[in-house]
Amino acid sequence: MNDTKQPSNVVKLVQPKEEGKFTQPFIDKFKPTKNGRFYATNHPNLCIRTQGTSSVYYTRKVNKKLSSGAIEVAIGNIKEIKLSEAVKIHQQNIALIASNVNPNKVDLGIQKEKEPTIYEYVEARLNRLEKSNNMADTALKLNKGLLNNHLIWLPKGATFSNLTDNQLQEFYLSRTPSVARQCISLLGATFNKLSPKQKRDSENPREVINRLEIVHKTKERKDVYLNFGGKRGDIGRFFEALTLAEHGYAPEEEYIIPSLTTSRTSIDIFMMYLLTSVRKENIANLKWSEVDFDNEEITLLEPKGRKGQDEPQLLPMSPYLKALLEFRHKSKTSSYVFPSVTNDKKGFDHKLIDHLGTKLALVMCIYGSWNKKENNPLQKKGEDKNLLSRSVWDKYSKIVRQGTDIELRTSLNKMGTKPHGLRRTLTNVAETIGIGSRNLEAILARKPTDVTGRHYLTIQSDSLREALHNTHKTIDNRIAEYFGLSYLDKEEGKEMFLSPILGFYGIKSLIETDKAYMDCGHSFEDLSRIRQYQYGDKDL
């Protein structure tokens, strides 16, 4: 018989109590190794209870008259209150329990959870959206700029519950109208994502601004586009400005209008905006891998909104778009269709786009032809009829660059030479010549608002291509009308013109004039269907 004592397989259930001396330096460096309680050796019945990433002071005391188990009273998070304050509350809790009073029942001894500040809530939300890829990069960059450059000027420690009407009003009115609207939009969206407990019966900042009746009026932007009516429409002047942008205007070898850019890319990207009605960031970041010449389609991966959540937009190539893209493809040096001027590994710089758009508007004012019924912004400034001089260019380009004349800058912006104005121009032309609403929604990459459009109707690529081509031909007509290019083609027996846009991209092709050509009294009508693929109505 073997008397050797066998090892026991029974695991001891009672683990040694974790404990240590509580001092403020100890608390500051406290890092729990696991969930559970850590007891103070110098303050009986005081412990730190850890759950996940949260560590909270607790009073833990047994009183059989009050409870069969130990009574636990939460005091507060160790990162939010000092040890000395926690000890004071703990002593009050012990006194109540010794008097047969449960602190949890009388709502005493419980440190209220600190409410996060408005800044902290917004910052946390933006971090979540960034990690989950649920906000586009441009929107994320804009909102972080608002957070770090503007929301920091809210009162120190401001929370949604303690921010007063006067404080919010003072902040709102201290910002420019555009920044103020964007800040309130960000605060309102963040507030809406809070739980009922986090809202604490507070009022949404957006609703406060509305109640106080201090909302800045939103600028009406529907009138920001290139005018295409009459003999001398803005579309013709805009195209003329583009043709001058790279080399300037220098009669007799003396520059009156200097070159606006040394890059043809800067010019082509504006033409692309005019012909596609696509958002600025999509064109600036378009890659050759998204251009399919075989199927004559362009794939826009992120049309709008939440990053990676919108369906790709397929835009068919009209002959005009194909001519532009083929022209660029012949001399491509980058994976981007419109690479940055300084770094061809990146897309075109958004800031340069708007800056060049303003310069193009100024060229239109100084060099372009204007009839008596049209309002040239520079003539409002008291300039005489002879605007085409270097002194006039130097004077107003400096004013625009320094931003000293807000009225002039506003007038130039309303001419519609920036991407959003060009986007609206194409839409207005398409609407005027009778392009159907379904095709318009597809061109703009907007989701249909009705049940039929959302669930049953699919826009065919050929239909959209034809709609785009008809719209482009109408734009081409307005440019030819501006330059007076039409003539009677005896062979065809029709009034034709050599396409300015296609010619700009190396293709000689005749286009038939539409019924509005050189006639302000007629409305634009649908142009004839194309029976076989060609760039214009008669390729040469």
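Preceding this section is the structure that the text describes.
For the structure given in this document, a descriptive report is provided here. (Residues numbered from 1 in each chain as written. Predicted model: local features only at pLDDT ≥ 70, side-chain atom pairs only at ≥ 80, totals over all residues. Heavy atoms only, no water.)

This next bit is on the pairing of strand S2 (residues 36-40). Where a strand is regular, its side chains alternate between the two sheet faces. Bridge count between strand S1 (residues 19-20) and S2: two bridges; the pairing is parallel. Looking across to S2, one finds that glycine 20 is bridged to alanine 40. The sheet contact formed by S2 and strand S3 (residues 46-51) spans four bridges and is antiparallel. Directly across from tyrosine 39, in S3, lies its bridge partner cysteine 47. (Pairing = 2+ DSSP bridges. Helix = DSSP H or I, 4+ residues; strand = E, 2+ residues; numbered from the N terminus.)

Aromatic ring pairs are reported here in terms of the distance separating the ring centres and the angle at which the planes meet. Applying the stated criterion across every chain, the model contains 16 aromatic pairs. Between the aromatic rings of phenylalanine 270 and tyrosine 273, the centroid separation amounts to 6.4 Å while the plane-to-plane angle is 80°, which identifies the pairing as edge-to-face. On the criterion of helical spacing, the pair formed by phenylalanine 270 and tyrosine 273 is a turn pair, its members being three residues apart in helix H11 (residues 264-276). The burial state of phenylalanine 270 is the same as that of tyrosine 273; both residues are buried. Here the aromatic rings of phenylalanine 327 and tyrosine 505 are separated by 5.3 Å at their centres, their planes lie at 75°, and the arrangement is edge-to-face. Of this pair, phenylalanine 327 sits in helix H13 (residues 319-329) while tyrosine 505 sits in the loop between helix H21 (500-504) and strand S11 (509-512), and the two are 178 residues apart along the sequence. The class of tyrosine 505 is buried, set by a relative accessible area of 4%. Every member of this aromatic cluster is reached through a ring pair, and the members are Phe239, Phe327, Tyr482, Phe483, Phe504 and Tyr505. The lysine or arginine in question, arginine 49, covers the ring of tyrosine 58, its NZ or CZ lying 5.5 Å from the ring centre. Over the face of the ring belonging to phenylalanine 504 we find arginine 264, whose NZ or CZ atom lies 4.1 Å from the ring centre. (Phe/Tyr/Trp six-rings, centres within 6.5 Å; stacked < 30°, edge-to-face > 60°. Buried < 20%, exposed > 50% of the residue type's maximum accessible area, 1.4 Å probe, protein only. Lys NZ or Arg CZ within 6 Å of the ring centre and 35° of its normal.)

Before going further, it helps to spend a moment on the sheet that holds strand S6 (residues 291-292). Read across the sheet, three strands follow the order S6-S7-S8 without closing on themselves; strand pairing throughout is antiparallel. Strand pairing shows two members of the sheet lacking a second neighbour, S6 and strand S8 (313-316), which therefore form its edges. Sheet topology places S6 next to strand S7 (residues 297-300); two bridges connect them, and they run antiparallel. Bridge pairing in S7 links aspartate 292 to glutamate 297.

Time to look at the sheet that holds S2. Working definition: the strands of a sheet are paired by backbone hydrogen bonds and lie parallel or antiparallel to each other. One open sheet accounts for five strands, arranged S1-S2-S3-S4-S5; its pairing is mixed. The sheet is open, and its two borders are formed by S1 and strand S5 (70-77), each paired with just one other strand. Taken together, the six bridges between S3 and strand S4 (residues 54-62) define a ladder with antiparallel strand orientation. Bridging across to S4, isoleucine 48 finds its partner in tyrosine 57. Sitting on the sheet, helix H2 (residues 83-98) touches S3, S4 and S5, and the angle it makes with S4 is about 25°. (Contact = heavy atoms within 4.5 Å. Axes fitted to C-alpha atoms, helices over the stretch in contact; angles between N-to-C directions.)

Direction vectors running N to C along helix H10 (residues 234-245) and helix H14 (residues 350-367) enclose 105°, while the axes themselves pass 9 Å from each other. For the element pair H10 / H14, the angle class is roughly perpendicular. Taking contact as the criterion, the partners of Asp234, Arg237, Phe238, Glu240, Ala241, Leu242, Leu244 and Ala245 in H10 are, on H14, Leu360, Val363, Met364 and Tyr367. Here the contact of H10 with H14 is composed, by residue class, of nine nonpolar, no polar and three charged. (Parallel < 35°, antiparallel > 145°, perpendicular 65-115°, else oblique. Nonpolar A, V, L, I, M, F, W, Y, C, P; charged D, E, K, R; others polar.)

What follows covers the packing of helix H6 (residues 165-174) against helix H9 (residues 205-212). Viewed as axis vectors pointing N to C, H6 and H9 meet at an angle of 85°, and their least axial separation amounts to 10 Å. Considering the angle they form, H6 stands roughly perpendicular to H9. Across the interface between the two elements, Asp165, Leu168, Gln169 and Tyr172 from H6 touch Pro205, Val208, Ile209, Arg211 and Leu212 from H9. Across the contact of H6 with H9, the residue classes tally to six nonpolar, one polar and two charged.

Right, let's talk about the environment of threonine 164 for a bit. Along the chain, threonine 164 turns up in the loop between helix H5 (137-149) and H6. Of the residues examined, threonine 164 reaches a relative accessible area of 37% and is grouped as partly exposed. Between the C-alpha atom of threonine 164 and that of valine 208, which follows or precedes it by 44 residues, the distance is 9.6 Å.

As a further point, take the side chain of threonine 50. Looking at where threonine 50 falls in the secondary structure, it is placed in strand S3. Residue threonine 50 is classed as buried on the basis of its relative accessible area, which comes to 3%. Setting aside chain neighbours within four positions, we find threonine 50 in contact with Phe30, Pro32, Lys34, Asn35, Gly36 and Ser55.

For the rest of this paragraph, the subject is the environment of aspartate 394. The topology assignment puts aspartate 394 in helix H15 (residues 390-402). For aspartate 394, a relative accessible area of 37% translates into the label partly exposed. Along the chain, aspartate 394 and isoleucine 257 lie 137 residues apart, while their C-alpha atoms are 8.8 Å from each other.

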